[in-house]
Amino acid sequence: MKKPNFPTSRSFSLEPNASAGSPSALSPYVDNGTDIFTTERYHDIEFARKEWTHMWRKTWSLAGLASDIPNTGDYFKYDVGPESFIVVRTGSGDHDISAFYNVCHHRGNRLVFDDFGSVDKFVCAFHLWSWNIDGSLLNIQDRETFREEVVCDNPPLTEVRCETWQGLVFINMDPDAAPLLEFLDVLPEHLAPFNIADMKIIKDLQTEWPCNWKIAHDAFVEVYHVQSVHPEILPFFNDYQVQWDLYANGMSRMLLKFGEVSPHFQDQEAVNEGLKALLEEADVDPEAYSGEPDGVRKAIQQGKRAKAQRLGLDFSAFTDNQLTDDWNYSIFPNVTFNAHPEGLLIQRFRPHARDPQKSVYDLMVLIHPVDDPKYRVPAYMGVEDDVDLSGKVRPQRRHIGYGEEGLGMVISQDSVMMGHMQEGVQSHGYAGARYSEQEQQLRHWHLELARYMNGEK
Ligand code: FES
Ligand SMILES: [Fe+2]
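The structure presented is a predicted model; accordingly, all values stated were derived computationally and were not measured.

Core analysis: the biggest nonpolar cluster contains 118 residues, and Val87, Ile196 and Phe337 have the highest contact counts within it. Considering each element in turn, this core owes the most residues, 6 residues, to strand β17 (residues 359-367). The residue makeup of this core includes at least three contributed by each of domain 1 (1-59 + 186-457) and domain 2 (61-183). Tyr75, Ile86, Val88 and Trp131 belong to the second largest nonpolar core, which has 16 residues in total.

With that settled, the discussion passes to the coordination of the iron ion (ligand 2). For the iron ion (ligand 2), the full set of protein donor atoms is His225 (NE2), His230 (NE2), Asp414 (OD) and Asp414 (OD), at a range of 2.0 to 2.6 Å. For the iron ion (ligand 2), the 4 donor atoms in the first shell make angles of 56 to 149 degrees at the metal, so the coordination geometry reads as irregular. For His230, a relative accessible area of 2% puts it in the buried group. Classification of Asp414 as buried rests on a relative accessible area of 3%.

For the rest of this paragraph, the subject is the domain arrangement of the protein. The domain architecture assigned to the protein consists of domain 1 (1-59 + 186-457) and domain 2 (61-183). Summarising the inter-unit geometry, the C-alpha centres of domain 1 and domain 2 are found 32 Å apart. Summed over both partners, the interface of domain 1 with domain 2 buries about 2400 Å², with 61% contributed by carbon and sulfur atoms. Contact with domain 2 buries area across many residues of domain 1, yet Trp52, Arg57 and Thr59 alone supply 22% of it, more than any other trio. Between Asp115 and Arg397 there is a salt bridge, with the nearest N and O atoms lying 3.4 Å from each other. Of all elements in the fold, only α4 (187-191), β11 (200-209), β15 (335-340), β16 (343-351) and β17 reach the threshold of two or more residues within the side of domain 1 that touches domain 2. For the side of domain 1 that touches domain 2, the element with the most residues is β16, which contributes 4 residues.

With respect to topology, 8 strands assemble into an open sheet ordered β12-β13-β14-β15-β16-β17-β11-β18, the strand pairing being mixed. Two strands close off the open sheet at either side, each with one partner strand: β12 (237-246) and β18 (398-400). Strand-to-strand twist in this sheet, taken as the mean axis angle between neighbours without regard to direction, amounts to 20 degrees. Relative to β18, β11 runs parallel, the two being bridged by 3 bridges. Bridge pairing links Leu205 to Arg398 in β18. Relative to β12, helix α11 (residues 440-453) is tilted by about 35 degrees, and along the sheet it contacts β12, β13 (252-258) and β14 (326-331).

Quick notes on the rules
- Within every chain, residues take consecutive numbers counted from 1 along the sequence as written.
- Each chain is given a letter, starting from A, and each ligand a number, starting from 1, according to the order in which they appear as written.
- Confidence filtering applies because this is a predicted model: local features only for residues at pLDDT of at least 70, side-chain atom pairs given and counted only at 80 or more, and all residues used for totals across whole chains, interfaces and linings.
- Calculation of side-chain values draws on the structure's entire complement of heavy atoms; hydrogens and water are dropped beforehand.
- To qualify as a nonpolar core, a set must consist of buried Ala, Val, Leu, Ile, Met, Phe, Trp, Tyr and Cys residues joined through side-chain atoms within 4.5 Å.
- Remark: exposure states derive from per-residue accessible area (1.4 Å probe, protein chains only) relative to the maximum for the residue type, with buried under 20%, exposed over 50%, and partly exposed in between.
- Numbered from the N terminus, helices here are DSSP runs of H or I no shorter than four residues, and strands are runs of E no shorter than two.
- Domain borders in the structure are assigned automatically or taken from a domain database.
- For Na, K and Ca the donor cut-off is 3.2 Å; for every other metal, N, O and S atoms count as donors within 2.8 Å. Water does not enter the count, which can leave sites looking incomplete.
- Metal sites are grouped by the angles between bound donors: all angles between 85 and 135 degrees with four donors is tetrahedral, opposite donors over 155 degrees apart with the others between 65 and 115 is square planar for four donors and octahedral for six, and any other pattern is irregular.
- Buried area, as used here, totals the accessible surface that two parts lose on assembly, with accessibility defined by a 1.4 Å probe and the loss added over both.
- A pair is scored as a salt bridge if a Lys or Arg side-chain nitrogen falls within 4 Å of a carboxyl oxygen belonging to Asp or Glu.
- One requirement defines pairing of two strands: DSSP has to find at least two bridges between them.
- Whenever a helix is involved, its axis is fitted only over the stretch in contact; in every case the axis is a line through C-alpha atoms, and angles between N-to-C directions fall within 0 to 180 degrees.
- Contacts between residues were defined by any pair of non-hydrogen atoms, one from each residue, lying within 4.5 Å.

Written out as structure tokens, the structure reads:
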């Protein structure tokens, strides 16, 4: 793929014949201007506090997976910034999930400490106050020693909004927030074919990074840096001819072509080893492939359709391009999806409890399970060869340190940049981010944050 002219529409269209408004269609360009964005957002404690009250306390955020709490009384803990929440299954229905602040009404102890658990009641370890799983007060130990005015409201656990989409549980601290599905704008329609609700988690990592959560987030909402930070993938990943779409509520996406040589890669003539590996993953014999490099993506798409049929995976709802490409969504404020027909890579960027110069990075991979020991998902999904893909066992969450093994090559390469960026953005010599149109999702995202910060949202 020779480097094409950058389009005057400021985005390539990967499916020019798609009908307007359909999931594949290029949406009209959103002119978000040319401002340079200030840098205190990445380090200043006052900015972080305001961001918490103005944005975090008002927005939906992905708390976890409904599949992690299949039975009544199962819960998981979701920590974000200074808060901690308990998300608990209260019954067998799809929507029988509630979320509460993880705090005891007596003197403020945390109620649960484990990431996952199963209970018939929540008991505070300090003085044994307890609550039912629906949040109603169960018992105040030695209640007769309290003057009635102190406890007459029988305080229930403080509840927050909790809604589920495709098996993904979101919470919102704002009781007046619009429903989750409205907030997600076009995403539920776009991602419906991927059928996330039927996926199983096969990889679950958490790690602390030495940077503000937005520095980490921003690095995954553009592929401008691929030519320098991830040159290994240029033989089979088109990092330049990208479709960018900007949606309501700060949401956006990029459609990224796998199976195509990057215009930034020198050798445009050969069916290189990277393309061959992708052909092989699609059960197409690379040695038997006699076409040009430009035809490889199509051959992979055909190969994948046939392979899916053999494996019993239903790819019928996908366009050909969806079979090869990364449908890469930015879900405001702190989640990215890499959606593939085989599964979904979820990245989540959480603010640190106290320090705006640190953050928590979460990586989860969900797949449509295949009970065949020879089955592997494409290498670009970053799943190690020894990971079980049958979906029968929920992998343990791994907590790894900064720089430790486990993130896979590409994300490890990204993570190296984080500490340097955190230092650089605080330099007196730096005036703020100047975004290219390749980074238009970042401009879109930061303008949405600005709307929260200035009270418009
Ligand atoms: S702090 Fe929870 S019972 Fe006292
Ligand atoms: Fe990267």
